[in-house]
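What follows is each chain in one-letter form.
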Amino acid sequence: MKTSMHPLGWSRTRPSFSPRKITATLLAVLALGAASLTARAANILWVSDAPPGTANNSVFSGPGTSFTDQGFVKLLQDAGHNVNRMNTPDSGATNITVAELAAMNTNDLIIVGRAAGSAGWQNNQATNWNRDVTRPVVIMSPYLVRTDGNRVGWFGGGNGVLPDSTPAPLTPGLSGHPVIDYIFQDVPTSGTNTTELFEEPMDRNTSLIANPPVAGALVIATATFAREDNLAIITNANVIVGFPAGTVVRGGFDVLPAYRMFWGGGTRESATALNVIPLYTGRENLTPTGERVFLRSIEIALNSGVAPTTNDGPAGISSQPANVTVPQDTATAFSVTATGATPRLVFWQRGDGVGGFTNIPNTESVLTKSTLKIPVAGLTDSGAQFQAVVSNSLIMATSDVVTLTVTADTDAPLVLGAASLDGLNIVVCYNELVQPGTAGDAGNYQINGGLGPDVSLATMRPDGRSVNLLLLSPMGSTATVDVLARSDNNGNFSADPVTLTATNYGLTGVDVGVLNPVGANVACDANSFSVTGGGLDMASTADFLRFVYKNITGPFDARVRVVSFVGTNDHFETTAKAALTARETTANNSTAVNIFITPAAPGDNNIVSNFRGAIAAVTNSLGASVPRTTSNTWLRIRRVGSAFTTYHSTNGTDWVTYGTATTVFGPTMSVGVGVVSHRNGKVVTGTFSDFTIVPVLLPTMLTNSVPGVGTFTSSFQTQNGFSYTVEYKDDLNLVPWTWLETIPGDGTLKTFTDLGPASLTGTRVYRVNAQ
């Protein structure tokens, strides 16, 4: 037995072997039901600056739909709350009126969103908020709660340290406080952190405050993250802090009349779009974990900082861990849900193979739902046993003992497919990580059974599951690829050759404008390919994107399905773009017609179409943005003469017209797909499928007709890519038509001559078929 000091303040005996199980009867008593997410429907007043074009002063309104922070309002409405809005005066010197304060104080809770400019929060309004608002208040912007600039002063330290975060897990306060226990009661944790991030990567992410709160505050949760402006700087900052009624703030100048809370959430004003508070600020950027924590925090604020009693009595377990079987070298986890009065501790143990259990470092948690993560389960872990121990001042209980079973990988890698986007590079894709010594050997591949073109270089791609084959000369429309051998990281090897067919998309990839980082593209099969790149935008007078295209002359109909659109794991801006575009050139100031999607919620989640009608001209919209209703988004551009029409669809069959631009472009255009990350240093990846570009056949009209004795001559305009058949008959009632001539189209005027008519008095009818 080992006696140690409990991190929550009491001494207890921690066994190095398996402690006794708590009885089934006691477990039944301890399995208390969790409180509902919304205890009651409340009247909540949401405060933020108004969108452009609306009155930006003390205005009360309904919830509204045109505000950037409407996602938070909807989250509250979905939880059963009634929400209305208020826009406060822009100037801090302008008091909130007595009548307005009276109206504000009729609400159960007031939440000040991130889209509230800090200028209005200096004196005298800071005094209004600290003294005259007598209802509980939640503020989501650290710029409002700082001390400097005569703001409300809930945090000390002079000039506030207000870094923008990269997405991070939350670290709940470790005091075992009932408020913390209530807020995180159903949130999985691993050690001292939540297992999931609390926010999703978006434009500028969330601003937090690193300065400490004033005396008497309860730090509910913090986060440790790399600063968004400098990833080399690691910062710990406050995310959720509670301030009881009676807390002294602003250096003793104010005493809070009711409960207050700081909750750091919502995006900062855009770094790349217009830097205006109401336009891009305060977007709902929480993960599902963050949303759960936010809604429970709102319940705490509504209850003036007091947590409903949901866990009391001796420590116990309401949800047991379960046995797990996983393939070799994959991640897995075990979870347990604890009950019992706080302070309470949960920690994990691993069996020592002879009947005892030892503690696993860094797995201790004071919260109810604890997860033990195993990042890579190897064969040596197979058969390992684990258990969780829950304790408080009343009792200690252990979970069921669970076993991890790891199945061995005994199969050589499978070749999933191969394809080429440009005819000079073929990508071969495998189902698992492969050994570079085999997969990265150019001699391991043959094209067209060894007839060529030859592979000059085989390069492993960053995913470790695919290889790029650089050819000495271009391939045809298709080619066979022989993979002679395969091996993986677990020693599985096969020398049985595999032959597959690679399709050549016939596309060219290029960076339009200077991208940071540069773009790339890859295809593994004949139907879908991915484009990765950075780039600032497709707007204003110049574009910056990764572009994959082919040149098309004449009328065309281009269609594509956006299969997925993702960003890097630390950033994905709200207005990043996956696009179908037609450009006169690949210069970044080229004329262009575009239709694109933006990221799914909490991104903009829109379909947008625009065009640039002259070189270096301003890009104009083709209409209002359209909300995306499905991730399965199809995009289309159709050109007929000088008219370019854009469409969108959810199934590739039923098309909705977005808009038409009528402008004079050259006969040949570069048509393809592209991606824009919307910020330098970050990349996005769009996966596209069913990409087709087909010529649009225009009506054929006979011109310059010259009848004569024994001859008839006429002309018609041809199009590239079509073959024209000229036929005739002397009587429309006769069948069939008689073939006269077949003429290949090349975009020029073509003439045919019929030597058959015997006189000028007879009748002969002609038709031209194109295919």
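Structural data are supplied above this passage.
Heads up: these notes are all about the structure in this document. Here the structure is a predicted model, which means the values were calculated and not measured. (Residues numbered from 1 in each chain as written. Predicted model: local features only at pLDDT ≥ 70, side-chain atom pairs only at ≥ 80, totals over all residues. Heavy atoms only, no water.)

Some points on the side chain of Ser 165
In this structure, Ser 165 sits in the loop between helix 5 (142-145) and strand 8 (171-172). Here the side chain of Ser 165 touches Glu 199 through a polar contact of 2.4 Å, side chain to side chain. Ignoring any residue separated from it by four or fewer positions in sequence, one finds Ser 165 in contact with Glu 199, Asn 205, Thr 206, Leu 208, Phe 225, Ala 226 and Glu 228. (Helix = DSSP H or I, 4+ residues; strand = E, 2+ residues; numbered from the N terminus. Polar contact = N/O pair within 3.5 Å; in protein donor to acceptor, adjacent residues only side chain to side chain. Contact = heavy atoms within 4.5 Å.)

A look at the pattern of salt bridges
Side chains carrying opposite charge are able to pair once their charged atoms draw close together. Per the counting criterion, the structure on display carries 31 salt bridges. Between Asp 254 and Arg 250 there is a salt bridge, and its shortest N-O distance comes to 3.2 Å. Under the relative-accessibility criterion, Arg 250 is labelled buried at 13%. Here Glu 727 and Arg 767 are joined by a salt bridge, their closest N and O atoms 2.7 Å apart. Note that Glu 727 is positioned in strand 53 (residues 723-729) and Arg 767 in strand 56 (residues 765-770), a separation of 40 residues in sequence. You can call Arg 767 partly exposed: its relative accessible area is 31%. Via salt bridges that share partners, Arg 114, Asp 164, Arg 204, Arg 268 and Glu 269 belong to a single interconnected network. (Salt bridge = Lys/Arg side-chain N within 4 Å of Asp/Glu carboxyl O. Buried < 20%, exposed > 50% of the residue type's maximum accessible area, 1.4 Å probe, protein only.)

Concerning the sheet that holds strand 55 (residues 749-754)
Pairing is antiparallel in the open sheet, where three strands are placed in the order 51-52-55. The outermost strands of the open sheet, each flanked by one partner alone, are strand 51 (703-708) and strand 55. Adjacent strand axes in the sheet meet at a mean angle of 15 degrees, parallel and antiparallel pairs treated alike. (Pairing = 2+ DSSP bridges. Axes fitted to C-alpha atoms, helices over the stretch in contact; angles between N-to-C directions.)

Comments concerning unusual backbone geometry
Residues Asn 123 and Asn 124 are joined by a peptide bond in cis, for which omega reads 15 degrees. Take Asn 124: it is sitting in the loop between strand 6 (109-112) and helix 4 (125-132). Backbone torsion omega between Ala 601 and Pro 602 reads 15 degrees, so that peptide bond is classified as cis. Of note, Pro 602 is situated in the loop between strand 42 (592-597) and strand 43 (606-612).

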